[in-house]
Amino acid sequence: MKLLNFKQDGEIRLGIKTEEGIIDTTTVFDSLITMEEVISQGTEGLAELQDAIQNASVSYLDESNLTYAPVVTNPEKIICVGLNYAKHAAEANLPIPTSPVLFSKFNNALAAHQEIIELPKNGEKFDYEAELVIVIGKTAKNVSEEEAHDYVFGYSVGNDFSERSFQFRTSQWLLGKTGDKYAPVGPYVVTSDEIEDVQNLKVECKVNGVTRQSENTRDMVFNCAEIVSYASQYMTLKPGDLIYTGTPSGVIVGYPEEEQVWLKSGDEITISIESLGTLTNVLE
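Summarised in this report is the structure supplied together with it.

Thresholds applied
Residues numbered from 1 in each chain as written. Predicted model: local features only at pLDDT ≥ 70, side-chain atom pairs only at ≥ 80, totals over all residues. Heavy atoms only, no water. Pairing = 2+ DSSP bridges. Helix = DSSP H or I, 4+ residues; strand = E, 2+ residues; numbered from the N terminus. Axes fitted to C-alpha atoms, helices over the stretch in contact; angles between N-to-C directions. Phe/Tyr/Trp six-rings, centres within 6.5 Å; stacked < 30°, edge-to-face > 60°. Buried < 20%, exposed > 50% of the residue type's maximum accessible area, 1.4 Å probe, protein only. Lys NZ or Arg CZ within 6 Å of the ring centre and 35° of its normal. Salt bridge = Lys/Arg side-chain N within 4 Å of Asp/Glu carboxyl O.

1. Details of the sheet that holds strand β17 (residues 268-273)
Here is step 1: Spatially, β15-β14-β17-β18 is the arrangement adopted by the four strands of the open sheet, whose pairing is antiparallel. Both edges of this open sheet fall to β15 (210-216) and β18 (277-282), since each of them pairs with a single strand only. Across the sheet, the mean angle from the axis of one strand to that of its neighbour is 10 degrees, orientation sign disregarded.
Here is step 2: One ladder, built from six bridges, connects strand β14 (residues 202-207) with β15; its direction is antiparallel. Among the inter-strand pairings, Lys-206 is bridged to a residue of β15, identified as Thr-211.

Okay, here's the thing in structure tokens:
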């Protein structure tokens, strides 16, 4: 199932993407149902959604008229994995990690598909990072790699947007990673049962239509199961938590210094992941 959040009448509504259009779940339920509720209910929540749309008279919205919201609006945690593609570590002149490099973003960084990212006036080295995003589905603590996929609700498309001069000002990356709207995610959450092999998906980033990144998730240093298991050894993962799983090579900071042309106002960043969709944001 492909789920999305969109804004209508001053509230965020849960939608279901179908071939006929978008189903507004408020038209098939007596009360507002949220993405977070469906995630926390797991397979039961998805089954309830499926039964509702099969047994109700539904109408379809034209997706082109929708204003999207982030696929999860208030995650307890936004966890990111650094240097998780070998070629990206090489272009950054850093060793391939022997364990996942984890850092975080805050909820102020969330942004939706087609949302404008306003660049801070004191920034100068803005960069893109195309990433597969894991959406946690169940409370996970000390889970094994073998059982980790059971704790994943679904997957989405993300951009670990970064300001490099802020990021490398100190040994801590936070300042360059969690500016307002620095974590676009969407437009959909695709439930894990829809993805045959999450470690074999094409990841691509284009800037103003020009391809900058093109790789496959099979080239991750640590796969999704390893990431979920590892993180759960150190913190309790909760339903709705987001994990950005790392970016392939091709980011601007990896270019020779004389070839680095940083993002600027007016640029359009388009990130596509096979089977998951396309996330687009324009800078301002």
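2. Focus on the packing of aromatic side chains
Here is step 1: In total, this model carries five aromatic pairs according to the counting rule given.
Here is step 2: Judged by centre distance (5.3 Å) and plane angle (70 degrees), the ring pair of Phe-103 and Trp-173 falls under edge-to-face. One end of the pair, Phe-103, is in strand β6 (residues 101-105); the other, Trp-173, is in the loop between α4 (164-167) and β12 (183-184), and 70 residues separate them in sequence.
Here is step 3: Measuring from centroid to centroid gives 5.1 Å for Tyr-230 and Tyr-234, while their planes differ by 50 degrees, and the two rings are tilted.
Here is step 4: With relative accessibility at 23%, the residue Tyr-230 sits in the partly exposed group.
Here is step 5: Three or more aromatic residues link up through ring pairs in this structure, and these residues are Phe-103, Phe-168 and Trp-173.
Here is step 6: The ring of Tyr-151 is capped by Lys-138, whose NZ or CZ atom sits 4.7 Å from the centre of that ring.

3. What about the pattern of salt bridges?
Here is step 1: With the rule as written, the count across this model stands at 16 salt bridges.
Here is step 2: When the shortest N-O distance is used, the salt bridge between Glu-115 and Lys-181 registers 3.2 Å. One end of the pair, Glu-115, is in the loop between β7 (110-111) and β8 (126-127); the other, Lys-181, is in the loop between α4 and β12, with 66 residues separating them in the sequence.
Here is step 3: You can call Lys-181 partly exposed: its relative accessible area is 27%.
Here is step 4: Across the pair Asp-267 and Lys-264 runs a salt bridge whose closest N-O atoms are separated by 3.1 Å.
Here is step 5: Salt bridges sharing partners connect three or more residues here, namely Lys-105, Asp-127, Glu-129, Asp-160, Arg-164 and Lys-177.

4. As for the pairing of strand β5 (residues 78-82)
It is a general feature of regular strands that their side chains alternate between the two faces of the sheet.
Here is step 1: In terms of residue burial, β5 counts as a mostly covered element, since five of its five residues are buried.
Here is step 2: Residues of β5 alternate between two faces, with Ile-78, Cys-80 and Gly-82 on one and Ile-79 and Val-81 on the opposite face, all of them buried.
Here is step 3: As defined by bridge partners, β5 adjoins β6 across five bridges and the pair is classed as antiparallel. Across the sheet, Gly-82 pairs through a bridge with Val-101, a residue of β6.
Here is step 4: The pairing of β5 with strand β16 (residues 242-244) spans three bridges and is classified as parallel. Looking at the pairing, Ile-78 lines up with Leu-242 of β16.

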